[in-house]
Amino acid sequence: MSYWLNLILPTISYGVTIVALFLVVVNGKKLLAIYRAGQPDPTRKDKRGSRLSHMLGEILGHTKMLNFTATGIAHWVVMVGFVTLFGTLLTAYGQVLDPYFTLPLIGHFIPYEYFTELIALLTGLGILGLIFIRQYTRIAQKGKRSRFFGSGSWKAYYVEATIVAIVICVSLLRGLEGALSNDTSWSWHYPFSWRIVLLFKQLSLDSILNSIRIVAAIKIVVSMLWFIVIALNLTMGVAWHRFLAFFNVYYRRHSDGTNSLGELPEMLSHGRPIDFDDPSEDDVFGLGTRADISWKGLLDMTSCTECGRCQSQCPAWHTDKPLSPKLLIMAMRDHAMAKVVETESLVGESAPISLDVLWSCTTCGACVNECPVDIEHIDHIVNMRRFQVLVESEFPSELGGTFRNLENSGNPWGANRSDRDGWIAECDFPIRIIEGELPEDVDYLFWVGCAGAFEERAKKTTKAVAELLYMAGVKFAVLGKRETCTGDPARRAGNEFLYQILAKENIETFNEVFASRPEKGKKKIVVTCPHCFTTIGRDYAQSGFELEMVHHTQLLNQLVRDGKLTPVSKSTKTLTYHDPCYLGRHNQIYAPPRELLGATGIEITEMPRNQERSFCCGGGGGRMWMEEKLGTRINMNRVDEALATGVEEVAVACPFCRVMVSDGVTARESSVEVLDVAQVLLRSVKPLI
């Protein structure tokens, strides 16, 4: 018996290893070739030290995974086990030949043995926890409510089963190794496996030796079969992410470790920004076919673990629309990795991505914020929109009017340009309008924005901010009719060409206004709209123009702190605050609005989904000007959550949010008042008469 085991088990173990290594090398090269065939993106290689440190911090610290605390902890120990239990695999290769084999130097080193057994135990508990969470989610949240809906379950089950089998093998081998030892009582060499040691000590010596060979061979075969399976399945992100996640996190858009949110990426063609004044004949406009996907996009897609965290937070998916960020990435991945013609369309009828999926996105950033491997869903969606708008001229009909309004009137509503400063006549205090250069005594340029100038509800915010700045003695001025749309609706809806026109016009105006202020810190703009805040403050930097952007909640909060604005009347009304996506997730501004509301004496009743988990109002990504024909309305979902808190008021800090939330409250025939944070402060600093 021992003779045949000595012959057969090493043959099988080393044979399957050779096959596994061969397939991993061959198909690994194939995967690298696929990446190399992607469009170049040179923007990912700057500040390597910063990228490396943030990558290590995010992965080793599991900073995103811990948003789902129990899952994050369980996944962390499984990740550690995957790396640190490699020594037990090396030991197994020796044990199929010689059951007495141990690793040189460290094989009987107590700290190593203790660590190995502890990690094996924690890995086992961790994977059992993940299995329980997956099954509980599948059972408790049926159908589309489950974040695993649409995921390749067999892939996850196979990976989980492999880890369970390896942990069992490690535990059995430790018990069998102890049975071979001379220890007769509990020993630090076998701190967690001693009960197994006692069980196996009852066996004969030959049985122990043969058992070690068999279990070691099983461990090797199970491990190598795992490598064979993933080598033959390049779309198996639930396994491949163990190797690819490091690179995907390292190469994310922002080298400072922040999420790939805020500004949109420049439109690149063959690795270079497109010159819209004189584009080349072979320029690639957006993402239309597999050949247009960048190497980073391909890395994104193959890194997807199908965990569904993005799906669980997506407002479109929560309101029964066809868009799931997870399913979108999976569809793009399967298409990119399939044997299809390079020019086959990504979007459209009979294509992987339908038009309804593409145009359901609000660009709220919830998916990017949640993704544990930093997939850039919004960038891919907007790049596909760019192709549909600029090349195919295929977009929702309502956007046609919006684009014309932006081009002809400089605002998405199509309002007369001459009425842009009409709100000033409604103020009973002086407001300076700048005709040329900003005077030296003016501290801030107040960018009013299209909504703030034309939309009646948003105008109340504009006037409240202006009055508060006047009361605080802040020197500010506005551009009046010289303002035009920042281009945010055009850019997020895919019309990059129109965005470039609007941005160029505004940058020329800014260069004139700030002509005597070359330093970035002296060019200060205060805005009420987070979309303007993001576009001017972050997108315009791609055109070489940088300044200091301040959201009105930040400035007003600072003025209260400095004692220049003092709340004198405390409101007794109950209130909840809605975090705008473009102020919160896109720019990480959560505290100033809350501090400002707190300064007025109001106690905020938070909605269940708040701050980085805030639910979108439905107005971003150009959706403000599109009909919501599919599923239920996003704004109604959010309003129902606000009304469920039982408050009397809902505070917002974005004109889009104000419109969407107000419309929802009206539709629910509720008496709850919707107002901007600035209005809450204004009524508080004014003495009661």
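Bear in mind the structure is a predicted one, so any value in this text is a computation, not a measurement.

Caption draft 1: Just the pairing of strand β7 (residues 548–551), in detail. One ladder, built from four bridges, connects strand β6 (residues 524–527) with β7; its direction is parallel. Note that in β7 the partner of I525 across the bridge is M549. As a crossover connection, the stretch from β6 through helix α22 (residues 530–537) into β7 is right-handed.

Caption draft 2: Representation of the nonpolar core in the model. Counting 128 residues, the largest nonpolar core has F510 and I525 as the members making the most contacts within it. Beyond its immediate chain neighbours, meaning those up to four positions away, I525 contacts L445, W447, F510, F514, I536, L547, E548, M549 and V550. L89, C169, A217 and I228 belong to the second-largest nonpolar core, a separate cluster that totals 24 residues.

Caption draft 3: Molecular detail of the packing of helix α19 (residues 456–471) against helix α23 (residues 552–561). Relative to each other, α19 and α23 sit at 30 degrees, their axes nearing to 11 Å. Considering the angle they form, α19 stands roughly parallel to α23. The hand of the α19/α23 crossing is left-handed. Taking contact as the criterion, the partners of T461, V465, L468 and L469 in α19 are, on α23, H552, L555, L556 and L559. When the residues that make up the contact of α19 with α23 are grouped by side-chain class, the tally is six nonpolar, two polar and no charged.

Caption draft 4: Representation of helix α3 (residues 69–84). Taking 1.5 Å per residue as the helical rise, α3 with its 16 residues ought to reach 22 Å, and the 23 Å between its terminal C-alpha atoms agrees with that figure. Every buried residue of α3 is listed here: T71, G72, A74, V77, V78, M79, V80 and G81. Residues of α3 that are buried sit in contact with α2 (48–61), α5 (110–140), α6 (153–180), α9 (237–250) and α11 (309–313).

Caption draft 5: Structural detail: the packing of aromatic side chains. Tallied over the entire structure, the rule returns 26 aromatic pairs. Geometrically, the ring pair formed by Y14 and Y93 is tilted, given 5.5 Å between the ring centres and 50 degrees between the ring planes. Placement of the pair is Y14 in helix α1 (residues 2–36) and Y93 in helix α4 (residues 86–95), with a sequence separation of 79 residues. A relative accessible area of 32% places Y14 in the partly exposed class. Aromatic pair W226 and F227: ring centres 5.1 Å apart, planes at 85 degrees, arrangement edge-to-face. Among the aromatic residues, ring-to-ring pairing joins F82, W226, F227, W240 and F243 into one connected group. Over the ring of W317 we find K144, and its NZ or CZ is 4.4 Å from the ring centre. Taking NZ or CZ as reference, R242 lies 4.6 Å from the ring centre of F82, over its face.

Caption draft 6: Examining the sheet that holds strand β10 (residues 673–676) more closely. In space, the three strands of this open sheet follow the order β8-β9-β10, with parallel pairing throughout. Single-partner strands in this sheet number two, and they are β8 (575–577) and β10. Across this sheet, the average inter-strand angle for adjacent strands is 25 degrees, counted without regard to direction. Note: β8 against strand β9 (residues 649–652), three bridges, orientation parallel. Bridge pairing in β9 places Y577 opposite A651.

Caption draft 7: Fine view of the sheet that holds strand β3 (residues 432–433). Reading across the sheet, the five strands line up as β3-β5-β4-β6-β7 and stay open at both edges, with parallel pairing between neighbours. Only two strands of the sheet have a single neighbouring strand rather than two, namely β3 and β7. Strand contacts of α23: β4 (444–447), β6 and β7, with the helix running at about 75 degrees to β7, the strand carrying the most contacts.

Caption draft 8: Summary view of the environment of T88. Its place among the elements puts T88 in helix α4. Residues T88 and L173 lie 85 residues apart in sequence; the distance between their C-alpha atoms is 9.0 Å. Beyond its immediate stretch of four places on either side in the chain, T88 contacts Y112, T116, V170 and K219. Within polar-contact distance, the side chain of T88 engages the side chain of K219 at 3.3 Å.

Caption draft 9: Representation of the environment of H552 within the structure. Along the chain, the position of H552 falls in helix α23. Separated by 24 residues in sequence, H552 and T528 have C-alpha atoms that sit 5.4 Å apart. Every residue in contact with H552, bar those within four places of it in the chain, is listed here: T461, V465, V526, V527, T528, A653, D676 and A678.

Caption draft 10: The arrangement of the side chain of K64 in detail. Within the secondary structure, K64 sits in the loop between α2 and α3. Within the structure, the side chain of K64 is placed 3.0 Å from the backbone oxygen of V368, a separation counted as a polar contact. Not counting chain neighbours up to four residues away, the residues in contact with K64 comprise E58, N259, V368, N369, E370, C371, P372 and D374.

Caption draft 11: Fine view of the packing of α23 against helix α27 (residues 677–685). Where α23 meets α27, the closest approach of the two axes is 10 Å, and the angle between their N-to-C directions is 25 degrees. Judged by the angle between their axes, α23 and α27 are roughly parallel. Crossing handedness for the pair α23 and α27: left-handed. Seen from α23, the contacting residues are H552, T553, L556 and V560; seen from α27, they are V677, A678 and L681. Residues that form the contact of α23 with α27 fall into these classes: five nonpolar, two polar and no charged.

Caption draft 12: Seen up close, unusual backbone geometry. Despite not being glycine, D320 has its phi angle at roughly 65 degrees, a positive value. Along the polypeptide, D320 turns up in the loop between α12 (315–318) and α13 (325–337). Given a relative accessible area of 48%, D320 falls into the partly exposed group. Notably, Q588 is not glycine yet its phi reads approximately 60 degrees, a positive angle. Mapped onto the fold, Q588 is located in the loop between β8 and α24 (591–599). With a relative accessible area of 48%, Q588 lands in the partly exposed category.

The rules behind each value
Residues numbered from 1 in each chain as written. Predicted model: local features only at pLDDT ≥ 70, side-chain atom pairs only at ≥ 80, totals over all residues. Heavy atoms only, no water. Pairing = 2+ DSSP bridges. Helix = DSSP H or I, 4+ residues; strand = E, 2+ residues; numbered from the N terminus. Right-handed = clockwise from strand over helix to strand, strands pointing away. Core = buried A, V, L, I, M, F, W, Y, C linked by side-chain atoms within 4.5 Å. Buried < 20%, exposed > 50% of the residue type's maximum accessible area, 1.4 Å probe, protein only. Contact = heavy atoms within 4.5 Å. Axes fitted to C-alpha atoms, helices over the stretch in contact; angles between N-to-C directions. Parallel < 35°, antiparallel > 145°, perpendicular 65-115°, else oblique. Left-handed = near helix turned anticlockwise from the far one by under 90°. Nonpolar A, V, L, I, M, F, W, Y, C, P; charged D, E, K, R; others polar. Expected span 1.5 Å × (residues − 1). Phe/Tyr/Trp six-rings, centres within 6.5 Å; stacked < 30°, edge-to-face > 60°. Lys NZ or Arg CZ within 6 Å of the ring centre and 35° of its normal. Polar contact = N/O pair within 3.5 Å; in protein donor to acceptor, adjacent residues only side chain to side chain.

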